[in-house]
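Per-entry structural report
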Amino acid sequence: MRRTSLAGPVLLILIGVLFLVRNLKPELVSWELVARYWPVVLIGWGLLRVIEILYWWLTSRPLPPKGLSGGEWVLAMFICLLGAGISAAYRYAPRLPPLVIHGKTVELFGEAYDYPVSAKQAAPGVRRIKIEVPRGNTRVMGSQGSEIELSGRKTIRTFSRTLADRLDRATAVEIQVNGAEAIVRVRSDEPPLSEERSGPVTPPPARISTDLELTVPRQVSLHVSGRHGDFDILHVDGDVEIMSDRAGVRLQEIGGKVRVELRRSDIVRAVQVRGSVTISGRASDVELEEVSGPVEVSGYYSGDLRFRKLAGPLVFQSGNTELRLARLPGQLHLDLGDLNGSGIEGPIRFRARSRDVKLEDFSEELDLSVERGDLELSPGRAPLPRITAVTETGDVELVIPEGARFALEAVAERGEVTNDFGPPLAVSTERRGASLKGATGPGPAISVRTHRGSIWVRKEPAGRPTRPVEQARRLL
Amino acid sequence: MNRTPSSLLRVLRGPILLIALGVLLTADQFTPYGFGRTWPVLLILYGLLRLLEHVVEPKPTASYPPSRTVSPPPSGGGQ
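Residues numbered from 1 in each chain as written. Chains lettered and ligands numbered in written order. Predicted model: local features only at pLDDT ≥ 70, side-chain atom pairs only at ≥ 80, totals over all residues. Heavy atoms only, no water.

The next subject is the confidence of the model for chain B. Looking at chain B, the pLDDT average stands at 76 and 68% of residues meet or exceed 70. The weakest mean pLDDT in chain B belongs to helix α4 (residues 60-63) of chain B at 53; the strongest belongs to helix α3 (residues 40-56) of chain B at 89. (pLDDT = per-residue confidence, 0-100. Helix = DSSP H or I, 4+ residues; strand = E, 2+ residues; numbered from the N terminus.)

Glancing now at the layout of surface pockets. Residues and elements named next belong to chain A. What the largest pocket holds in volume is close to 720 Å³. What lines the largest pocket is a set of 23 residues, among which I15, L18, V34, W38 and V41 lie closest to the centre. Only α1 (7-24), α2 (31-37), α3 (39-58) and α4 (70-92) provide two or more residues apiece to the lining of the largest pocket. Broken down by element, the residue count for the lining of the largest pocket peaks at nine residues, all from α1. (1 Å grid on protein atoms, 1.4 Å probe; cavity = no way out; pocket = protein on both sides within 12 Å on 5 of 7 lines; lining within 4 Å. Points joined across faces, edges and corners; volume = space filled by probe spheres on them.)

Moving on, we come to the nonpolar core. Residue and element names in this part refer to chain A. Counting 87 residues, the largest nonpolar core has I129, L222, I233, L251, L288, F307 and L368 as the members making the most contacts within it. Setting aside residues no more than four positions away along its own chain, F307 makes contact with V286, L288, V297, L314, L328, G330, Q331 and L332. Listed in part, the 18 residues of the second largest apolar core include A7, W73, A76 and I79. (Core = buried A, V, L, I, M, F, W, Y, C linked by side-chain atoms within 4.5 Å. Buried < 20%, exposed > 50% of the residue type's maximum accessible area, 1.4 Å probe, protein only. Contact = heavy atoms within 4.5 Å.)

All names here are of chain A. Under the criterion given, the structure shown has 28 salt bridges over all chains. Put simply, D245 and R263 hold a salt bridge, and the shortest N to O gap is 3.6 Å. Of the two residues, D245 is situated in strand β12 (residues 240-246) and R263 in strand β14 (residues 258-264); the sequence distance between them amounts to 18 residues. Relative accessible area serves as the criterion here: at 57%, R263 is assigned to the exposed category. The closest approach of N and O atoms between R259 and E261, which form a salt bridge, is 3.0 Å. Looking at E261, the relative accessible area reads 28%, which means it is partly exposed. (Salt bridge = Lys/Arg side-chain N within 4 Å of Asp/Glu carboxyl O.)

Frequently, the measure chosen for interface size is the accessible area that the parts lose on association. Listed by partner, the interface residues are 35 residues for chain A and 27 residues for chain B. In this assembly, chain A packs against chain B so that about 2700 Å² is buried in total across both faces, 67% of it on carbon and sulfur atoms. Viewed at the interface, chain B and chain A are joined by zero salt bridges. There are four residue pairs in polar contact (both at pLDDT 80 or more) connecting chain A and chain B. Contributions of two or more residues to the side of chain A that touches chain B are made by α2, α3 and α4 of chain A. Element by element, the count of residues in the side of chain A that touches chain B is highest for α3 of chain A, at 13 residues. Split into classes, the residues belonging to the side of chain A that touches chain B amount to 23 nonpolar, five polar and seven charged. (Buried area = accessible area lost by both parts, 1.4 Å probe. Polar contact = N/O pair within 3.5 Å; in protein donor to acceptor, adjacent residues only side chain to side chain. Nonpolar A, V, L, I, M, F, W, Y, C, P; charged D, E, K, R; others polar.)

Time to look at helix α1 (residues 5-30) of chain B. Side chains that are three or four residues apart share a direction in an α-helix, a result of its 3.6 residues per turn. Residue and element names in this part refer to chain B. Compared with an ideal rise of 1.5 Å per residue, which puts 26 residues at 38 Å, α1 spans 36 Å between its outermost C-alpha atoms and is within 8% of the ideal. Its axis deflected by about 40 degrees at R13, α1 carries its strongest bend there, up to four residues before the proline P15. For α1, the buried fraction is high: 22 of the 26 residues fall into the buried class. (Expected span 1.5 Å × (residues − 1). Bend = angle between axes of the 7 residues up to and from the residue.)

Moving on, we get to the confidence of the model for chain A. Close inspection of predicted coordinates is inappropriate in any region flagged by low pLDDT. Per-residue pLDDT for chain A averages 84, and the proportion of residues at 70 or more is 88%. Ignoring residues within four places in sequence, the model shows residues 190-201 of chain A, a span with pLDDT below 50, making 23 contacts including any to other chains.

Right, let's talk about unusual backbone geometry for a bit. Residue and element names in this part refer to chain A. With omega at 5 degrees, the peptide bond leading from G346 into P347 counts as cis. Along the chain, the position of P347 falls in the loop between β23 (338-345) and β24 (348-354). Look at E253: it is not a glycine, yet its phi comes out positive at around 55 degrees. Locating E253 in the fold gives a position in strand β13 (residues 249-254). One non-glycine residue, K309, adopts positive backbone phi at about 50 degrees.

Assignment of secondary structure puts F159 of chain A in the loop between β6 (147-158) and α5 (161-170). Residues F159 of chain A and Y90 of chain A lie 69 residues apart in sequence; the distance between their C-alpha atoms is 8.2 Å.

All names here are of chain A. If you check which residues of α5 are buried, you get L163, A164, L167, D168 and A170. The buried residues of α5 all sit within an arc of 160 degrees when viewed along its axis, so they share a single face. Turned more than 90 degrees away from the buried face of α5 sit T162 and R169, all of them exposed. Packed against the buried residues of α5 are α4, β3 (111-122), β6 and β9 (207-217). (Arc of directions from axis to C-beta.)

Right, let's get into the side chain of T38 of chain B. Among the structural elements, T38 of chain B can be located in helix α2 (residues 35-38). Ignoring any residue separated from it by four or fewer positions in sequence, one finds T38 of chain B in contact with L24 and Y33 of chain B.

Here we come to the packing of aromatic side chains. Residues and elements named next belong to chain A. All told, the structure shown has three aromatic pairs over all chains when counted by the stated rule. Centre to centre, the rings of F406 and F421 are 5.5 Å apart; their planes meet at 85 degrees, and the pair counts as edge-to-face. Placement of the pair is F406 in the loop between β29 (396-401) and β30 (407-414) and F421 in the loop between β31 (417-419) and β32 (426-429), with a sequence separation of 15 residues. Of the two residues, F406 and F421, both sit in the buried class. In this structure, R458 is placed above the aromatic ring of W456, and the distance from its NZ or CZ to the ring centre is 5.2 Å. (Phe/Tyr/Trp six-rings, centres within 6.5 Å; stacked < 30°, edge-to-face > 60°. Lys NZ or Arg CZ within 6 Å of the ring centre and 35° of its normal.)

As structure tokens, then:
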């Protein structure tokens with residue numbers, strides 16, 4: 001006769017009771033309980049089985065051929081997988097970023113617990129402040145005082161209030177002043193969960209983010225680092241260094257050099273910087289305005305880049321795109337499809353694979369080469385810049401002011417050339433293309449070439465209203 | 001009748017391994033010893049249980065009564 005084990009029914013009763021209690025009194029059975037104690041089910045099952053077998057043995061009943069059948073092992077493995085899954089979800093889920101569906105954020109796991117944060121410390125001789133906030137938005141404002149003052153809010157997303165309280169204590173925000181350097185940071189040195197494993201450190205099942213508002217003496221330099229969160233920095237006279245995996249950065253009225261290194265960013269914006277600006281990383285939009293020092297932007301940028309009133313040279317590099325210029329009293333806009341600019345001082349150099357280029361009012365020298373794209377160039381005022389403009393596929397429109405001196409050579413290898421400038425320029429038609437040559441006297445060489453496309457040269461009447469560059473000069 | 005001590009051990013082998021698995025997974029939750037490091041314990045335990053069966057098994061020539069047809073082969077495949 002085959003003996004049936006008690007383990008199956010007992011397991012079912014246990015699971016049923018667990019769900020019933022969870023439904024009736026949710027506070028008694030938490031996910032934490034299930035996530036941490038599920039292996040006890042295996043132990044209990046095994047013990048029950050051992051007791052059964054010993055009982056059969058002692059009462060001289062026949063023993064089954066196997067202690068656990070193949071099907072029971074499969075069930076045990078299934079419990080292991082389910083338990084490990086719940087455990088992993090409990091450990092990692094609250095740290096997942098919220099799901100955004102149609103503009104609404106949906107938090108899937110855990111609850112948010114908020115804690116106020118505030119601290120104040122005299123920092124009379126401090127010249128440099130390091131700010132380390134792993135996650136959260138930070139706003140730093142320079143002030144006339146000599147204190148570091150912070151206020152803000154910490155949000156801990158986890159499963160229970162007790163765990164949140166413990167994590168809050170373990171991640172206190174502190175200000176340390178050591179001579180000329182101060183550190184503002186979210187502490188995380190003590191292991192947040194004492195009974196967690198000590199091998200590879202497992203972070204607690206929580207997402208902690210700290211939004212801080214800092215007031216600092218304005219003559220300091222800042223070194224800010226974080227993993228995730230935006231930085232707003234205003235009225236600081238020293239240098240500013242920002243390093244983050246993912247951040248939006250907004251800077252205003254910075255007295256020193258600015259250096260920004262980002263892995264990922266939606267926007268980097270800097271207005272009124274007296275030193276140099278160096279930005280590297282991957283970002284979407286970049287906006288720089290009124291920068292006195294040299295500007296260097298490198299990495300990969302996929303959004304809109306806007307530059308205005310740069311008093312020093314600009315070097316931009318992103319993938320195959322390269323842009324250099326000497327000064328930008330006007331403005332420049334660059335995105336993945338277009339380069340538009342006016343009021344630019346050269347030498348200007350632009351290299352790109354595919355861009356439509358429209359430049360107005362530029363000086364000194366233009367060296368432009370794109371593989372695909374239409375060019376629209378109107379240097380705008382005498383003396384004209386030297387121009388070398390090449391597009392493999394695209395039309396070129398060149399507008400030359402009346403009375404300017406230059407020597408032009410425009411070649412459309414497969415396309416038409418239209419001369420609306422008039423003499424002394426003359427069109428000569430070749431086999432499949434055309435060219436336009438001529439000079440109005442000793443002046444800069446203008447060379448325009450398109451492999452596949454047409455060229456249109458026209459004259460801009462004299463006496464046009466004031467150019468943007470002069471307006472910008474007056475403003476600077 | 002399969003009433004030899006070795007058959008008892010064989011029947012108990014599954015539940016004992018299950019208990020050991022549960023203990024290791026509990027240790028994974030509450031102690032620094034993660035399952036990723038302690039799993040060889042299961043192999044050792046399985047080996048020990050098999051060894052113990054061989055040790056307590058009576059000599060086939062000496063003590064196999066006519067009821068041999070009922071008892072499963074002495075070293076039958078495990079779980």
